[in-house]
Amino acid sequence: MNPTKTKFWPYLSPILEAQKAANGVMYVEMSDANGLDRMMADSRSEDVYPGIFVFRPKYTTQLIENHLLVVNFNTQFYAWCKAGLDDRDEQDAAFDKAETILSAIIEKLQHDAREYRNYLDFNSISVEPVVYLGADAAYGYEVKMKLGLPANEIFC
(Lines give C-alpha, C1' and ligand atoms only; values in the text may rest on other atoms or scores of the structure.)
Protein backbone atom coordinates (compact mmCIF):
# COMPACT_ATOMS: atom_id res chain seq x y z
CA MET A 1 0.00 0.00 0.00
CA ASN A 2 1.12 3.51 -0.65
CA PRO A 3 -0.32 6.79 0.63
CA THR A 4 -1.03 8.41 -2.75
CA LYS A 5 -2.86 5.44 -4.24
CA THR A 6 -4.65 4.15 -1.13
CA LYS A 7 -5.39 7.38 0.79
CA PHE A 8 -4.99 10.60 -1.20
CA TRP A 9 -6.66 9.80 -4.51
CA PRO A 10 -9.48 7.61 -3.13
CA TYR A 11 -10.34 10.40 -0.68
CA LEU A 12 -9.97 13.41 -3.00
CA SER A 13 -11.24 12.13 -6.35
CA PRO A 14 -14.91 11.63 -5.28
CA ILE A 15 -14.93 15.21 -3.97
CA LEU A 16 -13.62 16.43 -7.31
CA GLU A 17 -15.91 14.15 -9.31
CA ALA A 18 -18.91 15.62 -7.46
CA GLN A 19 -18.15 18.87 -9.29
CA LYS A 20 -19.28 17.24 -12.53
CA ALA A 21 -22.90 17.31 -11.39
CA ALA A 22 -22.61 20.43 -9.22
CA ASN A 23 -20.70 22.73 -11.61
CA GLY A 24 -20.50 21.06 -15.01
CA VAL A 25 -16.90 19.85 -14.71
CA MET A 26 -16.00 17.58 -17.63
CA TYR A 27 -12.58 16.29 -16.58
CA VAL A 28 -10.83 15.21 -13.37
CA GLU A 29 -7.30 13.79 -13.51
CA MET A 30 -4.09 13.45 -11.51
CA SER A 31 -0.71 14.15 -13.09
CA ASP A 32 2.07 11.72 -13.79
CA ALA A 33 4.43 14.14 -11.96
CA ASN A 34 5.36 15.83 -15.23
CA GLY A 35 3.47 19.10 -15.03
CA LEU A 36 0.38 19.52 -17.18
CA ASP A 37 1.52 17.01 -19.82
CA ARG A 38 -1.23 14.48 -19.12
CA MET A 39 -3.96 17.13 -19.37
CA MET A 40 -2.47 18.54 -22.57
CA ALA A 41 -2.36 15.08 -24.14
CA ASP A 42 -5.95 14.34 -23.08
CA SER A 43 -7.17 17.66 -24.52
CA ARG A 44 -6.38 16.37 -28.01
CA SER A 45 -8.99 13.62 -27.79
CA GLU A 46 -11.52 14.73 -25.16
CA ASP A 47 -13.17 17.81 -23.71
CA VAL A 48 -11.19 18.81 -20.61
CA TYR A 49 -12.92 22.13 -19.83
CA PRO A 50 -14.11 22.93 -17.28
CA GLY A 51 -11.60 20.63 -15.67
CA ILE A 52 -9.75 19.90 -12.47
CA PHE A 53 -6.16 18.78 -12.68
CA VAL A 54 -4.25 17.59 -9.61
CA PHE A 55 -0.48 17.35 -9.34
CA ARG A 56 0.74 14.11 -7.83
CA PRO A 57 1.46 15.26 -4.27
CA LYS A 58 4.60 15.51 -2.23
CA TYR A 59 3.91 14.41 1.34
CA THR A 60 5.34 14.23 4.83
CA THR A 61 4.37 12.01 7.74
CA GLN A 62 3.35 13.08 11.22
CA LEU A 63 2.86 11.22 14.50
CA ILE A 64 0.20 12.79 16.71
CA GLU A 65 0.17 11.99 20.45
CA ASN A 66 2.13 8.81 19.84
CA HIS A 67 -0.80 6.95 18.26
CA LEU A 68 -2.27 8.72 15.21
CA LEU A 69 -0.24 8.52 12.01
CA VAL A 70 -1.09 11.23 9.48
CA VAL A 71 0.20 11.78 5.98
CA ASN A 72 0.25 15.49 5.12
CA PHE A 73 -0.13 15.87 1.38
CA ASN A 74 1.15 19.10 -0.13
CA THR A 75 -1.78 19.30 -2.49
CA GLN A 76 -1.73 21.38 -5.65
CA PHE A 77 -4.57 21.42 -8.14
CA TYR A 78 -6.03 23.59 -10.87
CA ALA A 79 -9.56 24.45 -11.89
CA TRP A 80 -9.49 25.37 -15.59
CA CYS A 81 -12.18 26.87 -17.81
CA LYS A 82 -11.85 27.65 -21.50
CA ALA A 83 -12.47 31.16 -22.85
CA GLY A 84 -11.78 33.18 -25.94
CA LEU A 85 -8.34 34.71 -26.15
CA ASP A 86 -9.73 38.14 -27.10
CA ASP A 87 -12.95 38.15 -25.06
CA ARG A 88 -12.59 39.77 -21.65
CA ASP A 89 -16.14 38.92 -20.60
CA GLU A 90 -15.55 35.23 -21.38
CA GLN A 91 -12.24 35.32 -19.52
CA ASP A 92 -13.86 36.89 -16.45
CA ALA A 93 -16.66 34.31 -16.60
CA ALA A 94 -14.05 31.51 -16.81
CA PHE A 95 -12.23 32.85 -13.74
CA ASP A 96 -15.55 33.13 -11.88
CA LYS A 97 -16.57 29.57 -12.81
CA ALA A 98 -13.17 28.18 -11.76
CA GLU A 99 -13.36 30.03 -8.46
CA THR A 100 -16.87 28.66 -7.84
CA ILE A 101 -15.60 25.12 -8.46
CA LEU A 102 -12.63 25.41 -6.13
CA SER A 103 -14.65 27.16 -3.44
CA ALA A 104 -17.07 24.21 -3.38
CA ILE A 105 -14.12 21.81 -3.05
CA ILE A 106 -12.56 23.79 -0.20
CA GLU A 107 -15.93 23.97 1.55
CA LYS A 108 -16.31 20.18 1.36
CA LEU A 109 -12.78 19.64 2.66
CA GLN A 110 -13.43 22.04 5.55
CA HIS A 111 -16.69 20.26 6.45
CA ASP A 112 -14.86 16.91 6.38
CA ALA A 113 -12.17 18.35 8.66
CA ARG A 114 -14.84 19.22 11.22
CA GLU A 115 -15.88 15.55 11.17
CA TYR A 116 -12.24 14.32 11.40
CA ARG A 117 -12.30 12.74 7.92
CA ASN A 118 -9.22 14.80 7.12
CA TYR A 119 -6.78 17.11 8.86
CA LEU A 120 -6.93 20.08 6.51
CA ASP A 121 -4.61 22.92 7.48
CA PHE A 122 -7.00 25.73 6.56
CA ASN A 123 -4.24 28.31 7.09
CA SER A 124 -2.18 26.64 4.37
CA ILE A 125 -4.71 27.25 1.57
CA SER A 126 -3.38 29.49 -1.19
CA VAL A 127 -5.45 30.40 -4.26
CA GLU A 128 -3.92 32.15 -7.26
CA PRO A 129 -5.41 33.07 -10.64
CA VAL A 130 -3.58 31.46 -13.57
CA VAL A 131 -3.73 31.48 -17.36
CA TYR A 132 -2.74 28.66 -19.69
CA LEU A 133 -2.03 29.71 -23.26
CA GLY A 134 -0.91 26.57 -25.02
CA ALA A 135 -3.03 24.56 -27.39
CA ASP A 136 -6.06 26.21 -25.74
CA ALA A 137 -6.72 29.44 -23.91
CA ALA A 138 -7.74 28.43 -20.39
CA TYR A 139 -8.28 30.54 -17.32
CA GLY A 140 -8.63 29.45 -13.74
CA TYR A 141 -7.01 29.07 -10.36
CA GLU A 142 -4.13 27.20 -8.82
CA VAL A 143 -4.84 25.94 -5.30
CA LYS A 144 -2.17 24.85 -2.84
CA MET A 145 -2.87 23.39 0.59
CA LYS A 146 -1.74 20.89 3.16
CA LEU A 147 -4.27 18.06 3.39
CA GLY A 148 -3.68 15.56 6.18
CA LEU A 149 -5.20 12.09 6.05
CA PRO A 150 -5.05 9.41 8.75
CA ALA A 151 -2.74 6.56 7.72
CA ASN A 152 -2.38 4.10 10.58
CA GLU A 153 -3.48 1.22 8.36
CA ILE A 154 -0.60 1.94 5.97
CA PHE A 155 2.27 2.32 8.41
CA CYS A 156 1.34 0.10 11.38
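Residues numbered from 1 in each chain as written. Predicted model: local features only at pLDDT ≥ 70, side-chain atom pairs only at ≥ 80, totals over all residues. Heavy atoms only, no water.

**Brief notes about the pairing of strand S4 (residues 68-82)**
Note the cut-off: Exposure is judged per residue with a 1.4 Å probe applied to protein chains only, and the accessible area is read against the type maximum: over 50% gives exposed, under 20% gives buried, and values in between give partly exposed. Starting at the N terminus, helices and strands are each numbered in turn, a helix being any DSSP run of H or I of at least four residues and a strand any DSSP run of E of at least two. Only when DSSP finds a minimum of two bridges between them are two strands counted as paired.
Across the 15 residues of S4, 13 count as buried, placing the element largely inside the fold. Sheet topology places strand S3 (residues 58-64) next to S4; seven bridges connect them, and they run antiparallel. What sits directly across from threonine 60, in S4, is asparagine 72. Between S3 and the antiparallel strand that follows it, S4, lie three residues; glutamate 65 among them carries a positive phi value of about 50 degrees.

**Structural notes on the packing of aromatic side chains**
The condition is simple: Aromatic rings from Phe, Tyr and Trp, with only the six-membered ring used for Trp, were paired whenever their centres fell within 6.5 Å, and each pair was classed as stacked if the ring planes differed by under 30 degrees, edge-to-face if by over 60, and tilted otherwise.
Throughout the structure, instances matching the rule amount to eight aromatic pairs. Measuring from ring centre to ring centre gives 5.6 Å for phenylalanine 95 and tyrosine 139, while their planes differ by 70 degrees; the resulting arrangement is edge-to-face. Pair noted here: phenylalanine 95 is in helix H3 (residues 88-114) and tyrosine 139 is in strand S6 (residues 137-150), with a separation of 44 residues, a long-range link. With a relative accessible area of 18%, phenylalanine 95 lands in the buried category. Looking at tyrosine 139, the relative accessible area reads 4%, which means it is buried. An aromatic cluster of at least three residues, connected via ring pairs, comprises Phe53, Phe55, Tyr78, Trp80 and Tyr132.

**Focus: the side chain of glutamine 19**
Which entries qualify depends on this criterion: In this description, contact between two residues means that some pair of their heavy atoms is separated by no more than 4.5 Å.
Topologically, glutamine 19 is positioned in helix H1 (residues 3-23). Residue glutamine 19 is classed as buried on the basis of its relative accessible area, which comes to 5%. With residues up to four places along the chain from it excluded, the contact list for glutamine 19 reads Gly24, Val25, Ile52, Ile101, Ala104 and Ile105.

**Regarding the side chain of aspartate 136**
In plain terms, the rule: Whenever a nitrogen or oxygen atom comes within 3.5 Å of another N or O atom, the pair is scored as a polar contact, on the condition that within protein one atom can donate a hydrogen and the other can accept it, and that pairs from neighbouring residues in sequence are kept only if both atoms are in side chains.
With respect to the helices and strands, aspartate 136 occurs in the loop between strand S5 (119-133) and S6. Separated by 3.1 Å, the side chains of aspartate 136 and tyrosine 49 make a polar contact. In this view, aspartate 136 contacts Ser43, Tyr49 and Lys82; residues no more than four positions away in its chain are not counted.

**Overview of the confidence of the model for the chain**
Put simply, the test is: pLDDT runs from 0 to 100 and stands for how confident the predictor is about each residue.
Per-residue pLDDT for the chain averages 95, and the proportion of residues at 70 or more is 100%. No element of the chain has a lower mean pLDDT than helix H2 (residues 37-42), which averages 85, and none a higher one than H3, which averages 98.

**Points about the environment of alanine 94**
Note that alanine 94 resides in helix H3. What alanine 94 contacts, discounting residues up to four positions off in sequence, is Cys81, Lys82, Ala83 and Tyr139.

**A short note on H3**
What counts, and what does not: A helix is expected to span 1.5 Å for every residue after the first.
A rise of 1.5 Å per residue sets the reference length of H3, with its 27 residues, at 39 Å; its end C-alpha atoms lie 39 Å apart and thus fit the reference within 8%. Within H3, burial applies to Gln91, Ala94, Phe95, Ala98, Ile101, Leu102, Ile105, Ile106, Leu109, Asp112 and Ala113. Residues of H3 that are buried in the fold lie against H1, strand S2 (51-54), S4, S5 and S6. By the N-cap criterion, in which a side-chain oxygen at the helix start approaches the backbone nitrogen of a residue two or three places on, H3 is capped by aspartate 87, the distance to aspartate 89 being 3.1 Å. Positioned one or two residues after H3, tyrosine 116 has a phi angle of 60 degrees, which is positive.

**Digging into a nonpolar patch on the surface**
Our working definition: Two joining distances apply to patches: 9 Å for like charges and 5 Å for nonpolar side chains (Val, Leu, Ile, Met, Phe, Trp, Tyr), and every residue must have over 30% relative accessible area and no salt bridge. For the area figures, the Shrake-Rupley method with a 1.4 Å probe applies, and any residue is considered shielded solely by the protein chains shown. The working definition used for a salt bridge is a side-chain nitrogen of Lys or Arg within 4 Å of a carboxyl oxygen of Asp or Glu.
There is a patch of nonpolar side chains on the surface, built from Leu85, Val131 and Leu133 and spanning about 300 Å² of accessible area. Tracing the backbone through its elements, the reader meets valine 131 in strand S5.

**Focus: a negative patch on the surface**
The cut-off we apply is this: Asp and Glu are treated as the negative residues and Lys and Arg as the positive ones, with His and the ends of the chain left uncounted. Lys charges are placed at NZ, Arg charges at CZ, Asp charges at CG and Glu charges at CD.
Taken together, Asp89, Glu90, Asp92, Asp96 and Glu99 make up a surface patch of like negative charges. Its location among the elements puts glutamate 99 in helix H3.

**Some words on the packing of H1 against H3**
We apply this condition: To obtain each axis, a line is fitted to C-alpha atoms, and for helices this fit is confined to the stretch in contact; angles are then taken between N-to-C directions over 0 to 180 degrees. When describing relative orientation, an angle under 35 degrees is termed roughly parallel and one over 145 degrees roughly antiparallel, while 65 to 115 degrees is termed roughly perpendicular and anything else oblique. Throughout, a crossing is termed right-handed when the near helix is turned clockwise from the far one, and left-handed when it is turned anticlockwise from it by less than a right angle. Residue classes follow a fixed rule: Ala, Val, Leu, Ile, Met, Phe, Trp, Tyr, Cys and Pro count as nonpolar, while Asp, Glu, Lys and Arg count as charged, and any other residue, Gly among them, counts as polar.
Look at H1 against H3: their axes get within 10 Å of each other, and the N-to-C directions meet at 135 degrees. The orientation of H1 relative to H3 falls into the category oblique. Between H1 and H3 the crossing geometry is right-handed. The residues of H3 that touch H1, namely those facing Tyr11, Leu12, Ile15, Leu16, Gln19 and Asn23, are Lys97, Thr100, Ile101, Ala104, Ile105, Lys108, Leu109 and Asp112. Classifying every residue of the contact of H1 with H3 gives eight nonpolar, three polar and three charged.

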